[in-house]
Amino acid sequence: MSDRFDTRAGFDAAAADFTALGRHLWNPIGGATVAVVGPRPGERVLDACCGTGASALPAAQLVGRDGAVDAVDVSGPMVGELRRLAAGVSQLTAHQADVAGWPVDGYDVVQCALGIFFFPDMTAGTEYLVGRTRPGGRVALTIWRAGAMEAAGRYLGRAVAAATGGDPPGERSRHLIDEINTPDPYAAWLAGRGLADVDVTVHELRLPMTPEIAWLVIMGSGYRAALTKLAPDAVEQVRERYLAALVEDGVTELDATTLIGFGRHLA
Ligand SMILES: C[S@@+](CC[C@H](N)C(=O)[O-])C[C@H]1O[C@@H](n2cnc3c(N)ncnc32)[C@H](O)[C@@H]1O
């Protein structure tokens, strides 16, 4: 969703730290997404934009050996990390592909945690994912609630500008996600994507911004894209300025609340 950095390169670089951040951020959100959509033994699941498996791995546990999870991510390093984590989980197959063109359909469940806003056309991409389920199949699509994660991006942007002598970042350009990132607009938008029985769950999460977690939030997420072109000493300067500014301003928590949208494919 960022329009200032190369998002793909950011995720490629973040893969190992993504797993480290997982226990604080991605895993609770992925687990909550799976709980909403409830994969059952023997079912087939598509996990779109799987990252290192925060929702794909718990889904694989629930479907068991008689089920199947196709986990799809466009980033090779993310897929490589998931293959490592899923060694021995024979019902999970990790694929490197653009899921907006994934050719298989008929899934009982399609789930996508924190991915749909990366599609160049979020509406068309989401409708495509919904169409991967069988008629009556369940869909869970998780997005950030308005304001979530923004403080980390703001402090990072200022630290990068200070360390590189660039201009402080301006506002990113408006995106459809900014219009629908509260519960009622999100539910209405999902209902227009071919889903029935739509329900939106608010998953509250706050991260303690200890220096370790505050820096992992940058290194293990899409924010990493802001650092991929910087030399190691510049990255170190960014880290010091970012952490110092958080302390100076008394920022001790980061809002990481998400909206988990559920619906059934009307077909
Ligand atoms: C914020 S991460 C979320 C990962 C995982 N679902 C989780 O919750 O931990 C977004 C992921 O979407 C992937 N992604 C973005 N666009 C994609 C696309 N068109 N097809 C497949 N993966 C995509 C990125 O590579 C990244 O791994």
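Scoring rules and cut-offs
- Residues numbered from 1 in each chain as written.
- Predicted model: local features only at pLDDT ≥ 70, side-chain atom pairs only at ≥ 80, totals over all residues.
- Heavy atoms only, no water.
- Helix = DSSP H or I, 4+ residues; strand = E, 2+ residues; numbered from the N terminus.
- Rg over C-alpha atoms; globule rule 2.2 N^0.38 Å.
- Buried < 20%, exposed > 50% of the residue type's maximum accessible area, 1.4 Å probe, protein only.
- Contact = heavy atoms within 4.5 Å.
- Areas by Shrake-Rupley, 256 points an atom, 1.4 Å probe, with all protein chains shown as cover.
- Lys, Arg positive; Asp, Glu negative; His and termini not counted.
- Charge placed at Lys NZ, Arg CZ, Asp CG, Glu CD.
- Core = buried A, V, L, I, M, F, W, Y, C linked by side-chain atoms within 4.5 Å.
- Near = heavy atom within 4 Å.
- Polar contact = N/O pair within 3.5 Å; in protein donor to acceptor, adjacent residues only side chain to side chain.
- Salt bridge = Lys/Arg side-chain N within 4 Å of Asp/Glu carboxyl O.
- Pairing = 2+ DSSP bridges.
- Axes fitted to C-alpha atoms, helices over the stretch in contact; angles between N-to-C directions.
- Arc of directions from axis to C-beta.

Enquirer: Just checking my understanding: could you explain the overall build of the protein chain for this structure?
Expert: If you tally the helices and strands in the protein chain, you get 10 helices and nine strands. For the protein chain, the C-alpha radius of gyration of 18 Å lies close to 18 Å, the compact-globule estimate for 267 residues. In terms of overall dimensions, the protein chain has a C-alpha envelope of 55 × 40 × 30 Å along the principal axes. Per-residue burial for the protein chain yields a buried fraction of 51% across its 267 residues. Considering only residue pairs separated by 6 or more positions, the protein chain has 79% of its internal contacts joining residues 24 or more positions apart. With the model as given, the accessible surface of the protein chain reaches about 11400 Å², and the carbon-plus-sulfur share is 53%. For the protein chain, the distance from the average site of its 23 positive side-chain charges to the average site of its 32 negative ones is 3 Å.

Enquirer: Explain the nonpolar core here, please?
Expert: Counting residues in each nonpolar core, the largest one holds 65 residues, and the members touching the most others are L25, I116, L129, W144, Y186 and Y242. Setting aside residues no more than four positions away along its own chain, Y186 makes contact with I116, L141, T142, I143, I180, V200, L259 and G261. Counting residues in hydrophobic clusters, the runner-up holds 19 residues, among them C50, V69, L82 and A86.

Enquirer: How should I be thinking about the site of the ligand in this particular structure?
Expert: Neighbouring residues of the ligand: 18 residues in total, closest C49, D73, D98, V99 and A113. Between the ligand and D73 there is a distance of 2.7 Å, counted from an oxygen atom to a side-chain nitrogen or oxygen. One of the backbone nitrogen or oxygen atoms of V99 is found 3.0 Å away from a nitrogen atom of the ligand. Protein contacts shield 95% of the accessible area of the ligand, which totals 590 Å² for the unbound molecule.

Enquirer: Help me out: how do you make sense of the pattern of salt bridges in this one?
Expert: For side chains of opposite charge, pairing can occur when their charged atoms come near one another. For the structure shown, the criterion picks out 12 salt bridges. Among the ionic pairs, D108 bridges to R134, the shortest N-O distance being 2.8 Å. You can see D108 sitting in strand β4 (residues 107-113) and its partner R134 sitting in strand β5 (residues 133-144), a full 26 residues away along the chain. For D108, a relative accessible area of 15% puts it in the buried group. One network of salt bridges, with partners in common, ties together R145, E204, R206 and E253.

Enquirer: Which parts of the structure should I look at to understand the environment of P41?
Expert: Within the secondary structure layout, P41 lies in the loop between α2 (26-37) and β1 (44-48). Residue classification places P41 among the exposed residues on the basis of a relative accessible area of 69%. When the C-alpha atoms of P41 and G106 are compared, they prove to be 16 Å apart, with 65 residues separating the residues in sequence. If we ignore the near neighbours within four places in the chain, the residues touching P41 are L62 and V63.

Enquirer: Is there a simple way to explain the side chain of Q91 in this structure?
Expert: Topologically, Q91 is positioned in the loop between α4 (76-85) and β3 (92-96). The residues contacting Q91, other than those within four sequence positions of it, are A60, V63, G64, R65, G67, A68 and V69.

Enquirer: Before we go on, may I ask you to explain the sheet that holds β4 in this structure?
Expert: Backbone-to-backbone hydrogen bonds join strands into a sheet, with any given pair of strands oriented parallel or antiparallel. The sheet built from seven strands is open, its strands ordered β3-β2-β1-β4-β5-β9-β6 with mixed pairing. Two strands close off the open sheet at either side, each with one partner strand: β3 and β6 (195-203). Strand-to-strand twist in this sheet, taken as the mean axis angle between neighbours without regard to direction, amounts to 15°. Inspection of the sheet shows β6 paired to strand β9 (residues 258-265) by seven bridges, in the antiparallel sense. Among the inter-strand pairings, L195 is bridged to a residue of β9, identified as H265. The sheet strands contacting helix α5 (residues 122-130) are β1, β4, β5, β6 and β9, and the helix crosses β5 at an angle near 140°.

Enquirer: I'm lost on helix α8 (residues 183-191) in this one. Help?
Expert: One turn of the α-helix equals 3.6 residues, which is why residues spaced by three or four share an orientation. All of the buried residues along α8 are Y186, W189 and L190. All buried residues of α8 lie within an arc of 100° about the axis, which places them on one face of the element. Pointing more than 90 degrees away from the buried face of α8 are the exposed residues D184 and A188. Of the surrounding secondary structure, the elements contacted by the buried residues of α8 are α5, β5, α7 (176-180), β6 and β9.

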